[in-house]
Amino acid sequence: MTVIITVCSLLLLAYVFDLTSAHTRVPSVIFLLILGFAARQLAEFFEINIPDLGSLLPIFGNVGLILIVLEGSLELELNKTKTPLIGKAFIVAVLPMAAMVIGLSFAFQYVGNASLKSCLINAIPLCIISSAIAIPSVKAQSVFTREFVIYESSLSDIVGVLLFNFIALNESFGLATFGQFGLQVLMISVISFVATIGLAFLLNKIDHHIKFAPIILLVILIYAISKEYHLPALLFIMLFGLFLGNIDELKQFKWIQKLKPVELNKEVHKFKELTIEGTFLVRALFFLLFGYLIETHEILNTDTLVWAIPIVIGIFLFRAMVLALARLPIKPLLFVAPRGLITILLFLAVPVAHQLPLLNKSLIIQIILLTALVMMFGLMYSKPVAKEELPEADV
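Rules of the game
Residues numbered from 1 in each chain as written. Predicted model: local features only at pLDDT ≥ 70, side-chain atom pairs only at ≥ 80, totals over all residues. Heavy atoms only, no water. Helix = DSSP H or I, 4+ residues; strand = E, 2+ residues; numbered from the N terminus. Buried < 20%, exposed > 50% of the residue type's maximum accessible area, 1.4 Å probe, protein only. Contact = heavy atoms within 4.5 Å. Areas by Shrake-Rupley, 256 points an atom, 1.4 Å probe, with all protein chains shown as cover. Salt bridge = Lys/Arg side-chain N within 4 Å of Asp/Glu carboxyl O. Polar contact = N/O pair within 3.5 Å; in protein donor to acceptor, adjacent residues only side chain to side chain. Core = buried A, V, L, I, M, F, W, Y, C linked by side-chain atoms within 4.5 Å. Patch = residues over 30% accessible without salt bridge, like charges linked within 9 Å, V, L, I, M, F, W, Y side chains within 5 Å. Axes fitted to C-alpha atoms, helices over the stretch in contact; angles between N-to-C directions. Parallel < 35°, antiparallel > 145°, perpendicular 65-115°, else oblique. Nonpolar A, V, L, I, M, F, W, Y, C, P; charged D, E, K, R; others polar. Expected span 1.5 Å × (residues − 1). Phe/Tyr/Trp six-rings, centres within 6.5 Å; stacked < 30°, edge-to-face > 60°.

(A) Representation of the overall build of the protein chain. Each helix and strand counted, the protein chain has 16 helices and zero strands in total. C-alpha atoms of the protein chain, sized along the principal axes, occupy 60 × 60 × 45 Å. Taken across its 395 residues, the protein chain has 50% of its residues classed as buried. Pairs at least 24 apart in sequence give 81% of the contacts found in the protein chain among residues at least 6 apart. Surface summary for the protein chain: the accessible area is close to 18900 Å², and the carbon and sulfur share equals 70%.

(B) Here's a closer look at the pattern of salt bridges. Scanning the model with the defined rule gives seven salt bridges in all. Residue Arg283 is joined to Asp18 by a salt bridge in which the shortest nitrogen-to-oxygen separation is 3.5 Å. Residue Arg283 is located in helix 12 (residues 261-293), and its partner Asp18 is located in helix 1 (residues 2-24); the two are separated by 265 residues in the primary sequence. In this structure, Arg40 and Glu44 form a salt bridge, with 2.8 Å as the shortest nitrogen-oxygen distance. Of the two residues, Arg40 and Glu44 are both situated in helix 2 (residues 28-45); the distance of four residues between them amounts to about one turn of the helix.

(C) Region of interest: the environment of Phe17. One can find Phe17 in helix 1. Between the C-alpha atom of Phe17 and that of Val159, which follows or precedes it by 142 residues, the distance is 31 Å. Residues within four places of Phe17 in sequence aside, it is in contact with Ser28, Phe31, Leu32 and Leu35.

(D) The side chain of Thr196, seen in detail. Turning to its location among the elements, Thr196 is positioned in helix 8 (residues 175-205). The exposure class assigned to Thr196 is buried, which follows from its relative accessible area of 4%. For Thr196, the side chain forms a polar contact with the main-chain oxygen of Ser192, separated by 2.5 Å. Excluding its chain neighbours within four sequence positions, the residues that come into contact with Thr196 are Ile191, Phe236, Phe240 and Phe243.

(E) Broad picture of unusual backbone geometry. The omega angle of the peptide bond from Lys331 to Pro332 is 0 degrees, so this bond is cis rather than trans. With respect to the helices and strands, Pro332 occurs in the loop between helix 14 (302-325) and helix 15 (341-349). The phi torsion at Arg327 lies on the positive side, around 55 degrees, for a residue other than glycine. Tracing the backbone through its elements, the reader meets Arg327 in the loop between helix 14 and helix 15.

(F) Inspection of the nonpolar core at higher detail. Phe236, Phe240, Leu244, Phe271 and Phe287 are the most contacted members of the largest nonpolar core, which has 126 residues in total. In terms of residues, this core owes the most to one element, helix 7 (residues 143-169), which gives 14 residues. For Phe240, the contacting residues outside a window of four places in its chain are Leu70, Thr196, Leu199, Ile215, Val219 and Phe271.

(G) Region of the structure containing a nonpolar patch on the surface. Together, Leu183, Leu186, Met187, Val190, Ile191, Phe193, Val194, Phe253 and Trp255 make up an exposed nonpolar region whose accessible area comes to about 840 Å². For the nonpolar patch, the element with the highest residue contribution is helix 8, accounting for seven residues.

(H) Geometry of the packing of helix 15 against helix 16 (residues 361-380). Contact pair helix 15 / helix 16: the axes reach a minimum separation of 10 Å and the direction vectors enclose 170 degrees. Taken together, helix 15 and helix 16 sit at an angle that is classed as roughly antiparallel. For the pair helix 15 and helix 16, contact is made by Thr343, Ile344 and Phe347 and by Lys361, Ile364 and Ile368, respectively. In the contact of helix 15 with helix 16, the residues fall into four nonpolar, one polar and one charged.

(I) Fine view of helix 14. Over its 24 residues, helix 14 extends 35 Å from the first C-alpha to the last, a length consistent with the 34 Å expected when each residue adds 1.5 Å. Along helix 14, the residues classified as buried are Thr304, Trp307, Ala308, Ile311, Val312, Gly314, Ile315, Phe316, Arg319, Val322 and Leu323. Among the structural elements, helix 4 (83-112), helix 7 and helix 16 are those in contact with the buried residues of helix 14. For helix 14, the capping residue at the N-terminal end is Asn301, with a side-chain oxygen 3.0 Å from the backbone nitrogen of Asp303. After helix 14 finishes, the residue Arg327 shows a positive phi value of roughly 55 degrees.

(J) Geometry of the environment of Gly198. Topologically, Gly198 is positioned in helix 8. According to the relative accessible area criterion, Gly198 is partly exposed, its value standing at 30%. Once the C-alpha coordinates of Gly198 and Ile167 are considered, the two residues, 31 residues apart in sequence, prove to be 33 Å apart.

(K) Seen up close, the packing of aromatic side chains. Within the structure shown, the criterion is met by 11 aromatic pairs. For the pair Phe144 and Phe148, a centre-to-centre distance of 6.0 Å together with 25 degrees between the ring planes defines the contact as stacked. Within this pair, Phe144 and its partner Phe148 are both found in helix 7, separated by four residues, close to a single helical turn. The exposure class assigned to Phe148 is buried, which follows from its relative accessible area of 0%. Here Phe166 and Phe181 contribute two aromatic rings whose centre-to-centre distance is 5.1 Å and whose plane-to-plane angle is 65 degrees, an arrangement assigned as edge-to-face. Here Phe181 lies in helix 8 and Phe166 lies in helix 7, a separation of 15 residues in the sequence. Assessed through its relative accessible area of 11%, Phe166 is described here as buried. An aromatic cluster is present here, built from Phe212, Phe236, Phe240 and Phe271 joined pairwise through their rings.

This is the structure we're talking about:
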């Protein structure tokens with residue numbers, strides 16, 4: 001019973017943090033990490049024997065990533081007016097990532113004398129924006145900022161995972177490799193189309209009082225199977241969410257009319273509410289657990305701090321340049337570049353043969369905390385920019 005009481009209390013505190021974050025502008029993830037860390041210290045102080053929970057982190061992380069991207073894509077409107085926004089979000093997601101990956105890879109290679117492939121594999125996790133932290137942190141911002149962050153962070157996750165798998169799973173890089181990669185993207189697009197139509201049909205036709213849980217389980221199952229075959233599974237999640245969230249925009253097509261879009265839209269609304277609830281629980285559990293697994297010496301490790309600070313400076317320097325190039329408002333977008341869930345998952349997925357001594361848990365934790373703190377102070381001191389205030393060309 002002690003475990004049940006503790007978990008319920010921590011999750012209720014996480015809910016309070018989520019409620020107050022819109023007013024304090026302090027990302028709830030900061031509170032969750034501190035809360036998890038404090039729970040660890042109290043457990044050690046009172047000599048409470050708790051089994052190793054590290055193996056649960058990838059499970060909560062993968063499920064959380066699926067739900068977060070799904071929740072974000074369900075929120076997005078997909079029409080012609082959004083094309084410039086999506087294009088600029090893609091540019092801001094990809095260009096700083098590419099610059100950081102190249103820069104870090106050569107730095108790692110210079111210091112560690114490792115192969116370029118190993119350096120690239122280790123650099124990529126540090127260069128991806130965490131949608132798990134970014135999306136919930138901008139709930140109090142303008143509509144434009146929220147939409148931009150959802151698109152940008154989701155695209156950053158998808159492109160980052162694609163790039164990581166592409167480099168990690170291929171021994172050589174030629175025309176055949178790129179052809180196989182293109183085929184994988186085509187396959188997941190076809191799978192996404194078929195699965196999305198099938199799931200939408202089930203969502204509309206199931207009359208049983210339990211109907212949303214099987215849909216979510218099927219989504220996770222398709223994601224897991226796609227990932228097992230090294231397909232870009234996050235692309236499926238995003239396309240599925242965009243389809244359901246924009247069923248009204250597609251109702252002019254005859255094959256969509258067979259799904260009864262008006263009735264389906266009501267079910268989508270309920271499905272969306274359940275997804276939001278599930279996302280909160282899994283995300284809270286992940287960051288509480290991650291905070292619990294943090295040790296004091298990992299935060300204060302000066303050997304990795306001399307790397308963490310320049311890396312974080314580079315993240316925001318490249319971001320500022322690309323935002324200016326894309327003629328987008330610097331505040332608050334500059335500060336919304338946290339590293340988090342996806343960074344941890346890819347760090348854990350680095351093949352043993354390519355692991356670098358420099359890229360350890362301490363460096364990951366320090367970069368996550370520093371980028372989260374920059375975002376926290378940036379959002380606290382940035383006046384939200386209303387969409388109406390933005391130049392038409394920049395929207």
